[in-house]
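Residue-level listing of the chains:
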Amino acid sequence: MSLQNRTLPAQDDRRGTDADDHDIVDPLGVGIVTVSSSREATVSKAPTDPSGDCIADVFQRSDHIVTARTLISDDYAAVQATLGEFVGRDEVDVVVTTGGTGVTIDDVTPTAAADLFDRELGGFAEAFHRLSWDEVGTRAIATRATAGIVQNVPVFVLPGSVNAVRLASRDIIVPEAPHLAGLATRHLHGSETG
C-alpha cells in the first residue's frame, strides 16, 4: 500500500498523547534531504537515491508521510539553506538527512546542521554508535551522525549507507520522532503533559 499520496492533516489534528501520556505528533510529516558529494548524483536528470528511498520506506511503513524530499551537494551553505527551508514548512515535523557525515574534508553536513541546532540531541549519536558497533564494529567511529532541534523540528543527520539509515530510522528515529516532535512543539500548543 502506498502511503505517499495521503494528505497530511494539520498538526493540531495530529497532536495527542501516547500510552504513557507523553506528547506526540502522529502521523509525522517527514522531510528527507540526501546530501551527495558526487557530481553525477547532483547533476543527473534522474539520480538514484537508495538511502533516501530507504528512509522514506521505513517512515511510510509506520504510517508517516513524506512531505518534502530533495538531493543537494555536500556544501555548507546548501545544507543550511535546505534545512532552513524544510524546518520552515508547516507540513514538516521531522527532517532526516543522509550522506556527508564522514571524516573527509568535504563532509560538512554534520557541522552545517549542528550550527543550526537550538538544542542538541546527544543521546541519538550515542544510541546510533552503539547499534552501529554491533553491525560494523570499530568502523562505527568513522561517522559523525548527529541530531538536534532546529526551529522546533527534530533534525537527524545520518550517513549515506543504506544499512546505516535503515538501522537509525527503524530502531531509533521512527520509534522516538513522534514524541520528540510533540515535545519540541509543546510550547506552541499549550500542552501540559510531558
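Up top is the structure.
Residues numbered from 1 in each chain as written. Predicted model: local features only at pLDDT ≥ 70, side-chain atom pairs only at ≥ 80, totals over all residues. Heavy atoms only, no water.

## Details of the sheet that holds strand E7 (residues 146-150)
Here we have six strands laid out as an open sheet, ordered E4-E3-E5-E8-E7-E6, and mixed in their pairing. Across the chains shown, the open sheet's two edge strands, defined by having one partner strand only, are strand E4 (65-73) and strand E6 (119-120). For strand E3 (residues 29-36) and strand E5 (residues 94-98), the ladder comprises five bridges, and the chain directions are parallel. Bridging across to E5, threonine 34 finds its partner in threonine 98. Packing of helix H6 (residues 122-136) onto the sheet brings it into contact with E6, E7 and strand E8 (153-158), and relative to E8 it is tilted by some 35°. (Pairing = 2+ DSSP bridges. Helix = DSSP H or I, 4+ residues; strand = E, 2+ residues; numbered from the N terminus. Contact = heavy atoms within 4.5 Å. Axes fitted to C-alpha atoms, helices over the stretch in contact; angles between N-to-C directions.)

## Considering helix H3 (residues 50-61)
Between its first and last C-alpha atoms H3 spans 16 Å; for 12 residues at 1.5 Å apiece the expected length is 16 Å, and the two agree. Along H3, the positions that sit buried rather than exposed are Ser51, Gly52, Cys54, Ile55, Ala56, Val58, Phe59 and Gln60. (Expected span 1.5 Å × (residues − 1). Buried < 20%, exposed > 50% of the residue type's maximum accessible area, 1.4 Å probe, protein only.)

## As for the side chain of threonine 34
With respect to the helices and strands, the residue threonine 34 is situated in strand E3. Residue contacts for threonine 34: discarding those within four places in its chain leaves Asp49, Gly52, Thr70, Leu71, Ile72 and Thr98.

## Digging into the environment of isoleucine 172
If you trace the backbone, isoleucine 172 turns up in helix H7 (residues 162-189). Taking relative accessible area as the criterion, isoleucine 172 reaches 11% and is therefore assigned buried. Separated by 153 residues in sequence, isoleucine 172 and alanine 19 place their C-alpha atoms 18 Å apart. With near-sequence residues (within four places) excluded, isoleucine 172 lies in contact with Phe124, Ala127, Phe128, Leu131 and Leu167.

## Regarding the packing of H3 against H7
Where H3 meets H7, the closest approach of the two axes is 9 Å, and the angle between their N-to-C directions is 25°. If you check the angle between H3 and H7, you find them roughly parallel. Of the two elements, H3 crosses H7, and the hand of that crossing is right-handed. Of H7, the residues touching H3 (which contributes Pro50, Ser51, Cys54, Ile55, Val58 and Phe59) are Val162, Val165, Arg166, Ser169, Arg170, Ile173 and Val174. Its residues placed into classes, the contact of H3 with H7 shows nine nonpolar, two polar and two charged. (Parallel < 35°, antiparallel > 145°, perpendicular 65-115°, else oblique. Left-handed = near helix turned anticlockwise from the far one by under 90°. Nonpolar A, V, L, I, M, F, W, Y, C, P; charged D, E, K, R; others polar.)

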